[in-house]
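Spelled out, the chains give:
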Amino acid sequence: NPPETPAWRTLTVVLGKNDKLVYYIGMTDAPYMEDGLNGKPKLDNYGGKGIRKALLTHNKYVMERVDNPKTQGMMVLIKASKSANYKNLVDILDEMAISGVETYAIVNDITPEEMKLIAPTP
């Protein structure tokens, strides 16, 4: 089994219907994290002023705090809901390449809490 990545090095992106994108750092139920980072989810958009900025910022944060950036960098978990479209998945993969994120995974274990984050607002 590979070693577990600490929560503060993990950024999760959840893709929903109608181009909805929510991300959070660590775990959604974390009371706080180092330097004030926490699991508070943030609704964002694609592109340079949206998720790309978050990826670059958190990657820099992680790189400044690890002993070996090659093996201890940021990990991005991409969770596409069944209501997300293929274009959104391609867009977020493009953002990984543009941002220079080397370690990411597409996972399908979206939690009920994450489904609430991408639910349509009334």
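Parameters at a glance
Think of each chain on its own: its residues are numbered from 1, step by step along the sequence as written. The predicted nature of this model means local features are confined to residues of pLDDT at least 70 and side-chain atom pairs, given and counted, to a pLDDT of 80 or more, with totals for whole chains, interfaces and linings taken over all residues. As a convention, hydrogens and water are excluded, and side-chain values are obtained from all of the structure's heavy atoms. The salt bridge criterion pairs a side-chain nitrogen of Lys or Arg with a carboxyl oxygen of Asp or Glu, the two atoms within 4 Å. Counting from the N terminus, the helices are DSSP H or I runs at least four residues long and the strands are E runs at least two residues long. Any residue under 20% of the maximum accessible area for its type is buried, any over 50% is exposed, and the rest in between are partly exposed; the area is computed with a 1.4 Å probe on protein chains only.

Participant: Which residues make up the pattern of salt bridges, and what values go with them?
Facilitator: Evaluation of the coordinates by the stated rule reveals 6 salt bridges. Notably, a salt bridge pairs Glu95 with Arg52, separated by 2.7 Å at the nearest N-O pair. Taken together, the positions of Glu95 in helix α2 (residues 86–99) and Arg52 in helix α1 (residues 51–63) put the pair 43 residues apart, joining distant regions of the chain. Residue Glu95 is classed as buried on the basis of its relative accessible area of 5%. Residue classification places Arg52 among the partly exposed positions, given a relative accessible area of 22%. Close ionic contact of Lys87 with Asp91 constitutes a salt bridge, the shortest N to O distance being 2.7 Å. Residue Lys87 and its partner Asp91 are located together in helix α2, separated by 4 residues, close to a single helical turn. Residue classification places Lys87 among the exposed positions, given a relative accessible area of 53%. You can call Asp91 buried: its relative accessible area is 18%. Salt bridges linked by common partners bring Lys60, Glu64 and Arg65 together as one network.

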